[in-house]
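# An overview of the molecular structure
The residues making up each chain are set out below.
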Amino acid sequence: DQKQSLESLALQGIEFSESAFQKQPLIRLHGDCHKGNILWNEQKGPFFIDFDDFVVGPPVQDLWLLSPNPDDLHVLIEGYQQIQVLPQRSLRLVEALRFLRMIHYRAWIVQRIEDPFFQRTFPQVYTPLHWDQFLVDLRQQLARCYDNISGETYGG
């Protein structure tokens, strides 16, 4: 039952994302650009690590990962636009990217669930309650995708 619901939601999110990504400019990205992948050097300042997820995608991909809070994302966008133009239409991708990340992250865990480390770290993956909550979270995120179709939530 959960599998069918999960598959249906995933397909809806992918369909939404495919339409949202049409005619979007793509660049080389870090791909896993979050605060945990930034180190500070006393002489040189901040620098990124962990480039094994390098991808091609929309510039907003790395921005929303650095600031997953929508209330703070506009500050990063303003700074980014001082250096490079960020197409306003790309802001509508944020919620779609968040949805896809939720699916990708869960798949990453499940693919490794036979590893004893992952079994200790993610024991909840074995419970129906976990998957019920994940389905609720996905439904809410998909609703955000449709609500944010204009991208105006992020200063667009």
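Residues numbered from 1 in each chain as written. Predicted model: local features only at pLDDT ≥ 70, side-chain atom pairs only at ≥ 80, totals over all residues. Heavy atoms only, no water.

### As for the packing of helix α1 (residues 2-21) against helix α6 (residues 128-147)
Operational definition: Note on method: axes are straight lines fitted to C-alpha atoms, helices fitted across the in-contact stretch only, with angles between N-to-C directions ranging 0 to 180 degrees. Under the scheme used here, helices are H or I runs from DSSP no shorter than 4 residues and strands are E runs no shorter than 2 residues, and both carry numbers assigned from the N terminus. The cut-offs work like this: below 35 degrees is roughly parallel, past 145 is roughly antiparallel, 65 to 115 is roughly perpendicular, and the gaps in between are oblique. The handedness criterion is simple: a crossing whose near helix is rotated anticlockwise from the far helix by less than a right angle is left-handed, and one whose near helix is rotated clockwise is right-handed. We call two residues in contact when some of their heavy atoms are within 4.5 Å.
One way to put it is that α1 packs onto α6 with a least axis distance of 10 Å and a crossing angle of 20 degrees. When the interaxial angle is binned, α1 and α6 end up roughly parallel. In the packing of α1 onto α6, the handedness of the crossing is left-handed. Here α1 contributes Gln 2, Ser 5, Leu 6, Leu 9, Gln 12, Gly 13 and Phe 16 to the contact with α6, which in turn contributes Pro 128, Trp 131, Asp 132, Phe 134, Leu 135, Leu 138, Arg 139, Leu 142, Cys 145 and Tyr 146.

### Looking at the packing of aromatic side chains
Rules: Pairing of aromatic rings covers Phe, Tyr and Trp, the last through its six-membered ring, and needs centres within 6.5 Å; plane angles under 30 degrees mean stacked, over 60 mean edge-to-face, and all others mean tilted.
Inspection of the entire model under this criterion finds eight aromatic pairs. Members of the aromatic cluster, connected to one another through ring pairs, are Tyr 105, Trp 108, Phe 117, Phe 118 and Phe 122.

### Some details on a nonpolar patch on the surface
Quick note on the threshold: Residues qualify for a patch when their relative accessible area is over 30% and they have no salt bridge, like charges being joined within 9 Å and the nonpolar side chains of Val, Leu, Ile, Met, Phe, Trp and Tyr within 5 Å. For the area figures, the Shrake-Rupley method with a 1.4 Å probe applies, and any residue is considered shielded solely by the protein chains shown. In the sections that follow, a salt bridge refers to a side-chain nitrogen of Lys or Arg positioned within 4 Å of a carboxyl oxygen of Asp or Glu. Working definition: with a 1.4 Å probe on protein chains only, accessible area under 20% of the residue-type maximum means buried, over 50% means exposed, and in between means partly exposed.
On the surface, a nonpolar cluster with roughly 290 Å² of combined accessible area is contributed by Phe 48, Phe 51 and Phe 54. Counting through the fold element by element, Phe 51 comes out in the loop between β3 (45-48) and β4 (55-57). Residue Phe 51 is classed as partly exposed on the basis of its relative accessible area of 45%.

### Focus on the pairing of strand β2 (residues 38-41)
We count it as follows: Only when DSSP finds a minimum of two bridges between them are two strands counted as paired.
Here β2 pairs with β3 via four bridges, running antiparallel. Along β3, the bridge assignment pairs Asn 41 with Gly 45. Between β2 and β3, which follow one another and run antiparallel, lie three residues.

### Remarks on the pattern of salt bridges
Tallied over the entire structure, the rule returns two salt bridges. For Arg 101, the salt bridge identified is with Asp 32, shortest N-O distance 2.8 Å. Remark: Asp 32 occurs in the loop between β1 (27-29) and β2 and Arg 101 occurs in helix α4 (residues 93-111); sequence separation between them is 69 residues. The exposure class assigned to Arg 101 is partly exposed, which follows from its relative accessible area of 28%. With relative accessibility at 10%, the residue Asp 32 sits in the buried group. Here Glu 95 ties to Arg 98 by a salt bridge, and the two come within 3.1 Å at their closest N and O atoms. In this pair, Glu 95 and Arg 98 are both assigned in helix α4, three residues apart and thus about one turn of the helix distant.

### Focus: the packing of α1 against α4
For clarity, the cut-off: Polarity classes work like this: nonpolar for Ala, Val, Leu, Ile, Met, Phe, Trp, Tyr, Cys and Pro, charged for Asp, Glu, Lys and Arg, and polar for all others, with Gly in that last group.
Running from N to C, α1 and α4 cross one another at 145 degrees; their axes reach a closest spacing of 10 Å. Relative to α4, α1 is oriented so that their crossing is left-handed. When α1 is examined against α4, the residues Leu 6, Leu 9, Ala 10, Gly 13, Ile 14, Phe 16, Ser 17, Ala 20 and Phe 21 are found in contact with a partner set consisting of Leu 93, Ala 96, Leu 97, Phe 99, Leu 100 and Ile 103. Partitioned by chemical class, the residues of the contact of α1 with α4 number 13 nonpolar, two polar and no charged.

### Digging into the nonpolar core
Our working rule: What we call a nonpolar core is a set of buried Ala, Val, Leu, Ile, Met, Phe, Trp, Tyr and Cys residues that are connected through their side-chain atoms within 4.5 Å.
Among the nonpolar cores identified, the biggest contains 27 residues, and Val 60, Trp 64, Leu 73, Ile 77, Leu 86 and Val 125 are the most heavily contacted of them. Those elements giving two or more residues to this core turn out to be α1, α2 (60-66), α3 (70-81), α4 and α6. Excluding its chain neighbours within four sequence positions, the residues that come into contact with Val 60 are Leu 86, Ser 90, Leu 91, Leu 93, Val 94 and Leu 97.

### So, the layout of surface pockets
Convention followed: Two kinds of site are reported from a 1 Å grid over the protein atoms alone, namely cavities, where a 1.4 Å probe fits but cannot get out, and pockets, open sets with protein on both sides within 12 Å along at least five of seven lines, and residues are called lining when an atom falls within 4 Å of a point. Grid points are joined across faces, edges and corners, and a volume is the space filled by probe spheres set on the points.
In this model, the largest pocket occupies a volume close to 450 Å³. What lines the largest pocket is a set of 18 residues, and nearest its centre among them are Gly 31, Asp 32, Asp 53, Arg 101 and His 104. Those elements that provide at least two residues to the lining of the largest pocket are β4, α2 and α4. Per-class residue counts for the lining of the largest pocket are ten nonpolar, four polar and four charged. Here the second largest pocket defines a volume of roughly 160 Å³. Considering each element in turn, the lining of the second largest pocket owes the most residues, three residues, to α2.

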